[in-house]
Amino acid sequence: MKLNPAYAVGLAALVALPFAIRAVFPGSEKYYLHIVIQMLLWAQIYTGWALMGRFGLTSLGHGAFTGIGAYVTVMLWNFAGLTPLIGIPVAIVVAVALALLIGYPSFLQRIRGHYFALLTLAMVEFVRLCIVGLRDFTGGSLGTQPARYGDGISFYAVQFEADRMIAYFVALAVWLAGILVWVRVDRSMDRFALEALGQDEEAAAAVGINVTREKLKITALSAAMCAFGGAIFAQYQMYIGPDTIAGFGVSLNIVFGAVAGGIGVMLGPTIGALFTQLLSEGLRMFFQGSVTLNAMFGSRVLSLDTLIYGVLLVLFIIHMPRGIVGTAMEYWRKHKRGS
Amino acid sequence: MLAVEGLVKMFGGFSAISNVSFRVGKGEILGLIGPNGSGKSTTFNCIAGLYVPTRGRISFEGHDITGKPANAICHAGIGRTFQIPRPFHKLTVLENVALAAWFGQNRTVNREQCWRQAAEALELVGLPTTPETTTEGMGAAALKKLELARALASQPKLLLADESLNGLDPSEMNQAADMLEMIRRERGITIVWVEHIMGVLMRVVDRVVVLDHGEVIYDGDPHGAQSNSAVIEVYLGREAAKREEARP
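The shown structure was predicted, so the numbers you read here are calculated from the model rather than taken from an experiment.

K.L.:
Any chance you could explain the pairing of strand β2 (residues 14-24) of chain B here in plain terms?
P.N.:
A regular strand places its side chains on the two faces of the sheet in alternate fashion. All names here are of chain B. Relative to β2, strand β1 (residues 2-11) runs antiparallel, the two sharing seven bridges. Residue pairing for β2: phenylalanine 11 is matched across the bridge by phenylalanine 14. From the end of β1 to the start of β2, which pair antiparallel, there are two residues, and glycine 12 there has a positive phi angle of about 65°.

K.L.:
Help me out: how do you make sense of the pairing of β1(B) in this one?
P.N.:
Pairing geometry for β1(B) and strand β4 (residues 55-60) of chain B, over five bridges, is antiparallel. Pairing of Leu2(B) across the sheet is with Phe60(B), part of β4(B).

K.L.:
Help me out: how do you make sense of the packing of helix α4 (residues 84-108) of chain A against helix α10 (residues 211-237) of chain A in this one?
P.N.:
Relative orientation and spacing of two packed helices are given, respectively, by the angle between their axes and the distance between those axes. Residues and elements named next belong to chain A. Where α4 contacts α10, the two axes come as close as 8 Å, and the packing angle between them is 145°. As α4 packs across α10, the resulting crossing turns out to be right-handed. Only Thr212, Lys215, Leu216, Thr219, Ala220, Ala223, Ala224, Ala227, Phe228, Ala231, Ile232 and Gln235 of α10 make contact with α4, whose side of the interface consists of Pro84, Ile88, Ala91, Ile92, Ala95, Val96, Ala99, Leu100, Gly103, Tyr104, Phe107 and Leu108. Here the contact of α4 with α10 is composed, by residue class, of 19 nonpolar, four polar and one charged.

K.L.:
Just to check I follow, could you spell out the UniProt feature "transmembrane region" (unreviewed entry) in chain A for this structure?
P.N.:
Residues and elements named next belong to chain A. Feature annotation in UniProt assigns "transmembrane region" (unreviewed entry) to the following positions: residues 32-51, 63-80, 86-108, 115-134, 165-183, 218-239, 245-271 and 308-332. In residues 86-108, the share of helix is 100% and the share of strand is 0%. The end C-alpha atoms are 33 Å apart. Along residues 115-134, the helical share is 95% and the strand share 0%, with 29 Å between the first and last C-alpha atoms.

K.L.:
Hey, could you run me through the interface of chain A and chain B in this one?
P.N.:
Interfaces are frequently sized by the accessible area removed from exposure as the parts join. On the chain B side, the residues contacting the 22 residues of chain A number 26 residues. Buried surface at the junction of chain A and chain B, both sides included, amounts to about 2000 Å², of which 61% is carbon and sulfur. Between chain A and chain B we count four salt bridges in total. A salt bridge links Arg86(B) to Glu202(A), with the shortest nitrogen-to-oxygen separation between them at 3.0 Å. Viewed at the interface, chain B and chain A are joined by eight residue pairs in polar contact (both at pLDDT 80 or more). Residue composition of the side of chain A that touches chain B, by class: 10 nonpolar, four polar and eight charged.

K.L.:
Would you mind showing me how to read the packing of aromatic side chains here?
P.N.:
Aromatic rings considered in pairs are described by the distance between their centres and by the relative angle of their planes. All names here are of chain A. Counting across every chain of the model gives 14 aromatic pairs over all chains. Ring centres of tryptophan 77 and tyrosine 156 lie 6.0 Å apart, and the angle between their planes is 70°; on these two criteria the pair is classed as edge-to-face. With a gap of 79 residues between them, tryptophan 77 in helix α3 (residues 62-80) and tyrosine 156 in the loop between α6 (135-138) and α7 (164-186) connect regions that are remote in the sequence. When its relative accessible area of 39% is taken as the criterion, tyrosine 156 is described as partly exposed. A centroid spacing of 5.2 Å and a plane angle of 90° characterise the contact between tyrosine 168 and phenylalanine 169, whose relative ring orientation is edge-to-face. Exposure remark for tyrosine 168: the relative accessible area of 0% places this residue in the buried category.

K.L.:
Looking at this structure, I do not really get the packing of helix α4 (residues 111-125) of chain B against helix α5 (residues 140-153) of chain B. What am I missing?
P.N.:
Residues and elements named next belong to chain B. As a packed pair, α4 and α5 sit with axes 9 Å apart at the nearest point and diverge in direction by 140°. Classified by the interaxial angle, the pair formed by α4 and α5 is oblique. When the axes of α4 and α5 are compared, the crossing they make is right-handed. In this structure, α4 uses Gln117, Ala121, Leu122, Leu124 and Val125 to contact α5, whose residues at the interface are Lys145, Leu146, Leu148, Ala149, Leu152 and Ala153.

K.L.:
Would you mind going over the side chain of Glu147(B) with me for this structure?
P.N.:
Residue and element names in this part refer to chain B. Its location among the elements puts glutamate 147 in helix α5. Here the side chain of glutamate 147 touches phenylalanine 82 through a polar contact of 2.9 Å, landing on its backbone nitrogen. Once residues lying within four places of it in the same chain are set aside, the contact partners of glutamate 147 are Thr81, Phe82, Pro85, Arg86 and Pro87.

K.L.:
How should I be thinking about the nonpolar core in this particular structure?
P.N.:
Within the largest apolar cluster, 141 residues are counted, with the highest numbers of intra-cluster contacts made by Trp42(A), Ile209(A), Leu99(B), Ile183(B) and Trp193(B). For this core, the element with the most residues is α10(A), which contributes 14 residues. Built from parts of two domains, this core gets at least three residues from each of domain 1 (2-77 + 156-246) and domain 2 (86-154) of chain B. Setting aside residues no more than four positions away along its own chain, Leu99(B) makes contact with Met189(A), Phe192(A), Ala193(A), Ala196(A), Val207(A), Ile209(A), Phe88(B), Leu91(B) and Gly104(B).

K.L.:
Whenever I open this one, the side chain of Gln38(A) confuses me. Can you help?
P.N.:
Here Gln38(A) lies in helix α2 (residues 29-53). In this structure Gln38(A) touches Phe233(A), Tyr236(A), Gln237(A) and Gln277(A), once residues within four positions along its chain are discounted.

K.L.:
Looking at this structure, how should I read α2(A)?
P.N.:
Think of an α-helix as 3.6 residues a turn; residues three or four steps apart then line up on the same face. Between the first and last C-alpha of α2(A) there are 35 Å, a value that for 25 residues agrees with the 36 Å anticipated at 1.5 Å per step. Burial within α2(A) is extensive, with 21 of its 25 residues counted as buried.

K.L.:
Just checking my understanding: could you explain helix α13 (residues 268-289) of chain A for this structure?
P.N.:
The first and last C-alpha atoms of α13(A) sit 31 Å apart over 22 residues, in line with the 32 Å expected at 1.5 Å per residue. Taken together, the buried positions of α13(A) are occupied by Gly268(A), Pro269(A), Thr270(A), Gly272(A), Ala273(A), Phe275(A), Thr276(A), Gln277(A), Leu279(A), Glu281(A), Leu283(A) and Phe287(A).

K.L.:
Just to check I follow, could you spell out the domain arrangement of chain B for this structure?
P.N.:
Residues and elements named next belong to chain B. Split by domain assignment, chain B resolves into domain 1 (2-77 + 156-246) and domain 2 (86-154). Distance between the C-alpha centres of domain 1 and domain 2: 25 Å. Each partner contributes to the interface: domain 1 provides 18 residues, whereas domain 2 provides 15 residues. Summed over both sides, the interface between domain 1 and domain 2 buries roughly 1300 Å², with carbon and sulfur atoms accounting for 67% of that surface. Here domain 1 and domain 2 share zero salt bridges between them. At the junction of domain 1 and domain 2, the tally comes to two residue pairs in polar contact (both at pLDDT 80 or more).

Reading the values: the criteria
Residues numbered from 1 in each chain as written. Chains lettered and ligands numbered in written order. Predicted model: local features only at pLDDT ≥ 70, side-chain atom pairs only at ≥ 80, totals over all residues. Heavy atoms only, no water. Pairing = 2+ DSSP bridges. Helix = DSSP H or I, 4+ residues; strand = E, 2+ residues; numbered from the N terminus. Axes fitted to C-alpha atoms, helices over the stretch in contact; angles between N-to-C directions. Left-handed = near helix turned anticlockwise from the far one by under 90°. Contact = heavy atoms within 4.5 Å. Nonpolar A, V, L, I, M, F, W, Y, C, P; charged D, E, K, R; others polar. UniProt positions renumbered as here; feature names shortened; annotations may be inferred. Buried area = accessible area lost by both parts, 1.4 Å probe. Salt bridge = Lys/Arg side-chain N within 4 Å of Asp/Glu carboxyl O. Polar contact = N/O pair within 3.5 Å; in protein donor to acceptor, adjacent residues only side chain to side chain. Phe/Tyr/Trp six-rings, centres within 6.5 Å; stacked < 30°, edge-to-face > 60°. Buried < 20%, exposed > 50% of the residue type's maximum accessible area, 1.4 Å probe, protein only. Parallel < 35°, antiparallel > 145°, perpendicular 65-115°, else oblique. Core = buried A, V, L, I, M, F, W, Y, C linked by side-chain atoms within 4.5 Å. Domains from an automatic or database assignment. Expected span 1.5 Å × (residues − 1).

Below is the structure:
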């Protein structure tokens, strides 16, 4: 595989980024690194979702997979003392099993489009209810924490939150792994098959494509990636709750983020994560910091950022259906052709 | 090579085909004809694996393929085209065909072979093999050629061609007919050609099977079909058939 020089430069910049942050913001290094780490972790999860989302397999249920990744890993650690080194693969297997359990009958019965989205919606709610129902173990809707191991930096316990520098490189590696999976899929013949069946399943079957199997393969891969992302996110946050990693809200954030960035291109979901994280963080800081607004609305102003965030996303999706990267690439292509 | 025996397909209470049997010999070009609604497309789709027949048996090279899914039928060695071309617009022309080479042979060839086979199939039908060519702006005739190339890329032994002449002008029709003949000559592929326009088809087929109301009303020589009263009746009406019979 040849590495495009632009990507090599980008990668080098990402490696240098935490040191630059340390140099420029010595006082608030932790905060800025935290933002970037979150971006990278969500970028990997968005990329995992877009892996299937780009072929018209719109799932509103990927919050279930991130949730399973996080919860199974932490439960095994807290209650069975099983290291996440084994716990994470187990969690991935569980998530893939659920994906196949939902995917197989629905693909076989040709459940598509809105109906498929609704089905996955039911799945994420089912997983959330399971988490809440098992509150003795999971802490219910309040969430719980993985038991801290030693000083909070451990390979054995996959805990790295205490050192943001390490956490950054873990996040970078996780994100990079996600991008490599994307590239692998993008260059495979399976991508052609998925593009084909996304448009016309009958015609795809007529050229020998096993439609159900191709869909299951990409669904399983997508679920595995999101479960992995969810698990690492939990290990980084050192907290798991239905709202942060397992619910419908998480599903929606994934979909919005990926779509805003652009789901048809490699870096689309990553730009989507960058954009949504910056937007929500920027709005939050703006509203919390605004003296005038606080004087006018009091503490109610704190929820205003979420509202505006939602409105902006809706506008974005309506006016840029190809996402930020997709639109930019289209513009660039036209521009190049024109000149 | 292909044997269809006592095929029945019901849609609810309506039987689209009620008893269809015919055989296709190796290397033959068989015309499967009949007026609109005679059941030829249903028969075609039963063979291609799009429909599961209600009763009856379809065997190909001695293997029972009745009710197998479309992808399995393709892997067995039966390629098909669609009446209305269904290209994959998100892929380039070459990718459309390479996809068929790869999956049509059930991933038994390597990538290089599959791209080469795709280019060969495109060359055979006379389409550009450049990787950048997209399906954008392709006319009806070119799309039908793409449809053929895609079917050929899966290296079928039997080609099911569905009403290949729809939407073409007379000279394009002749070209299409010549192309099917050429495909048999070059590749040794057996062809079942489903068509409702009799004219051009008669020139190249070895044998015709005529369907009407879901049943076979004629099976034999194409010239015989043109003078067969049952065939004339379904195409031109009873009066014409009577006139034909009265002719010395």
